[in-house]
Amino acid sequence: MKLNLKLAVSLAVAVSIAGAGTLHAAGFALYEWSARGVAMGGAVMANKAEPASLAANPALITQLEGTQAQVGFTLVNVSGNATVGTQQRAIENDTFFIPNAYFTSKISDNVFLGIGLFSRFGLGATYQNYKTWVGSMMAYSALLETFSANPNIAVKINEDLSLAMGLEVMTLSFKEKKYAPASLFGMPGDLTLEGDSISWGGNFGAYYNPSWADKWAAALTYRTKANHIVSGKVTTSGAFAHPMIMDIPSGHGTAPLTLPDSVSFGISNKPIEELVVEINVTGTFWSSYKTLRVDYNDSNISLIEPKNFKDTIRIALGAEYSLTENWDLRAGYTFDESPINPKYMDTLIPAHDRNIFSFGAGYKMNNWGVDLGYSYLKASDLKGKSAPSPIPYINSVNVSYEDGSSHIIALSFKYAF
């Protein structure tokens with residue numbers, strides 16, 4: 001049983017970081033790629049282009065003249081509660097910084113190049129008063145960061161149709177902590193898991209604005225899976241390392257982590273010259289994340305534990321109104337479905353399906369511009385159970401999420417050379 005306990009606790013740490021997420025995106029997928037996109041709820045696939053279109057739909061950059069650059073960041077403030085058994089804890093009030101940068105260039109009348117630097121996945125949460133959270137034995141802190149370099153080539157097939165394809169190189173790093181209260185084993189214990197990885201994937205985009213219906217446009221984007229092999233280490237002390245309790249030594253290991261593929265489709269319309277509206281739908285194939293396998297470098301022992309995420313749909317509606325030659329006003333609404341399986345809940349996503357309300361503005365003059373976007377996210381509550389435990393004396397417990405919300409502020413700067 002000692003061996004199974006060692007593997008199960010180490011695995012539980014890795015599983016919870018792979019399946020957890022910040023409150024502002026379902027799972028741990030991110031969509032905060034520009035201030036304009038934040039203000040319009042992410043509905044920016046099939047309308048006015050900007051360098052950040054490289055993240056939403058790279059085929060759109062065929063609408064950009066010359067050479068252009070864009071830099072920006074998003075600040076996300078999250079709050080929420082998780083109840084394990086009968087004990088509720090709130091996550092610490094923290095703000096996360098998400099940077100982005102883009103560069104595009106028109107090479108010829110039909111060929112365009114661009115590179116985007118942005119984040120597509122990330123999480124962060126730390127619980128208050130975790131040392132008094134008796135009985136949960138779940139992670140109390142986690143930080144996962146990814147950063148993608150995404151060069152693209154886009155080709156204008158004709159005046160109606162543009163296509164694009166790109167390569168994505170993604171780095172990943174994480175750190176997670178667990179704590180065993182002294183009341184459980186007679187002594188406290190700490191366990192830290194940290195690791196990093198680099199992987200690659202690809203993307204494809206299309207933009208269609210027919211001359212016979214020029215007020216309408218459609219877009220399609222697909223991003224492939226990113227298959228990471230995370231290499232890291234486990235550091236233990238106290239009850240986790242004690243040979244008569246859990247006997248989990250410090251050491252190194254690897255774990256495969258597949259970040260899901262997704263497909264997005266959008267349609268836009270200009271009912272009047274000053275107004276554009278768009279609706280788009282994104283499907284993310286989280287069901288590919290069924291189990292996680294952890295292998296130890298110094299042995300041939302491994303363990304597989306189920307997670308069983310479900311596929312999700314994200315629906316976004318956005319609008320932009322050109323108030324004057326220099327000012328644009330924007331608003332949006334997004335429904336973001338959660339992939340969480342209520343039979344396999346952990347403590348790191350105290351939120352369920354999200355409703356996101358957004359607005360913002362943009363100012364442009366000559367060859368530069370600035371955009372500001374704000375979103376308020378309200379998450380649904382959820383009740384379920386923790387994953388079945390392979391440890392005989394640690395049972396599955398009731399888990400619920402309450403009061404999840406986020407405030408999101410984004411700022412972008414643009415310049416056309």
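The sections below set out a description of the structure shown in this document.

What counts as what
- Residues numbered from 1 in each chain as written.
- Predicted model: local features only at pLDDT ≥ 70, side-chain atom pairs only at ≥ 80, totals over all residues.
- Heavy atoms only, no water.
- Helix = DSSP H or I, 4+ residues; strand = E, 2+ residues; numbered from the N terminus.
- Buried < 20%, exposed > 50% of the residue type's maximum accessible area, 1.4 Å probe, protein only.
- Contact = heavy atoms within 4.5 Å.
- Areas by Shrake-Rupley, 256 points an atom, 1.4 Å probe, with all protein chains shown as cover.
- Phe/Tyr/Trp six-rings, centres within 6.5 Å; stacked < 30°, edge-to-face > 60°.
- Lys NZ or Arg CZ within 6 Å of the ring centre and 35° of its normal.
- Polar contact = N/O pair within 3.5 Å; in protein donor to acceptor, adjacent residues only side chain to side chain.
- Core = buried A, V, L, I, M, F, W, Y, C linked by side-chain atoms within 4.5 Å.
- Salt bridge = Lys/Arg side-chain N within 4 Å of Asp/Glu carboxyl O.

**Regarding the overall build of the chain**
Across its full length, the chain carries four helices and 21 strands. Sorting the 417 residues of the chain into buried and exposed places 54% on the buried side. In the chain, of all internal contacts separated by at least 6 residues, the share reaching a separation of at least 24 is 70%. Accessible surface, the chain as shown: approximately 17,200 Å² in total, 61% of it carbon and sulfur.

**A few points about the packing of aromatic side chains**
The geometry of an aromatic ring pair is captured by two quantities: the separation of the ring centres and the angle between the planes. The tally for this structure, following the rule as stated, stands at 13 aromatic pairs. Ring plane angle 85 degrees and centroid distance 6.3 Å describe the contact between Phe121 and Trp286, whose orientation is recorded as edge-to-face. Pair noted here: Phe121 is in the loop between strand 4 (111-118) and strand 5 (122-126) and Trp286 is in the loop between strand 13 (275-284) and strand 14 (291-296), with a separation of 165 residues, a long-range link. With relative accessibility at 3%, the residue Phe121 sits in the buried group. Residue classification places Trp286 among the buried positions, given a relative accessible area of 3%. Three or more aromatic residues joined by ring pairs make a cluster, and in this case those are Tyr31, Trp33, Tyr102 and Phe118. Looking at Arg314, its charged tip hangs above the ring of Tyr31, at a distance of 3.9 Å from the centre.

**Here we look at the side chain of Thr282**
Within the fold, Thr282 resides in strand 13. Look at Thr282 and you get buried, because its relative accessible area is 7%. Within the structure, Thr282 has its side chain in polar contact with the side chain of Ser264 (distance 2.7 Å).

**A short note on the nonpolar core**
In this structure, Phe28, Trp33, Tyr102, Phe121, Leu172, Met246 and Leu259 are the most contacted members of the largest nonpolar core, which totals 46 residues. Residue assignment for this core shows that the elements contributing at least two residues are helix 3 (53-56), strand 4, strand 6 (139-156), strand 7 (161-180), strand 8 (189-208), strand 10 (226-238) and strand 11 (251-259). With five residues, the single largest contributor to this core is strand 7. If we skip the residues at most four places from it in the chain, Trp33 touches Ala52, Ala55, Ala56, Asn100, Tyr102, Phe118, Ser119 and Arg120. Core analysis: the next-biggest nonpolar cluster, separate from the first, contains 21 residues, Leu30, Ile91, Met138 and Ala410 among them.

**Some remarks on unusual backbone geometry**
Glycine aside, the phi torsion of most residues is negative, and most peptide linkages are trans. For Asn129, which is not a glycine, the phi torsion comes out positive at approximately 50 degrees. The residue Asn129 is located in the loop between strand 5 and strand 6 in this model. Phi at Asp403 is positive, roughly 60 degrees, even though this residue is not glycine. Mapped onto the elements of the fold, Asp403 is located in strand 21 (residues 398-416). Relative accessible area serves as the criterion here: at 43%, Asp403 is assigned to the partly exposed category.

**Examining the pattern of salt bridges**
Enumeration according to the criterion identifies 14 salt bridges in this entry. Ionic pairing is found between Arg314 and Asp336, a salt bridge with its closest N-O pair at 3.0 Å. Of this pair, Arg314 sits in strand 16 (residues 312-322) while Asp336 is found in strand 17 (residues 327-336), placing the two residues 22 residues apart along the sequence. When sorted by exposure, Arg314 lands in the same class as Asp336, which is buried. Residue Lys364 pairs with Asp328 through a salt bridge whose shortest N-O separation is 3.2 Å. Placement of the pair is Lys364 in strand 18 (residues 354-365) and Asp328 in strand 17, with a sequence separation of 36 residues. Taken together, the shared-partner salt bridges in this structure form one network comprising Arg36, Lys48, Glu50, Glu320, Asp328, Arg330, Lys364, Asp371 and Lys414.

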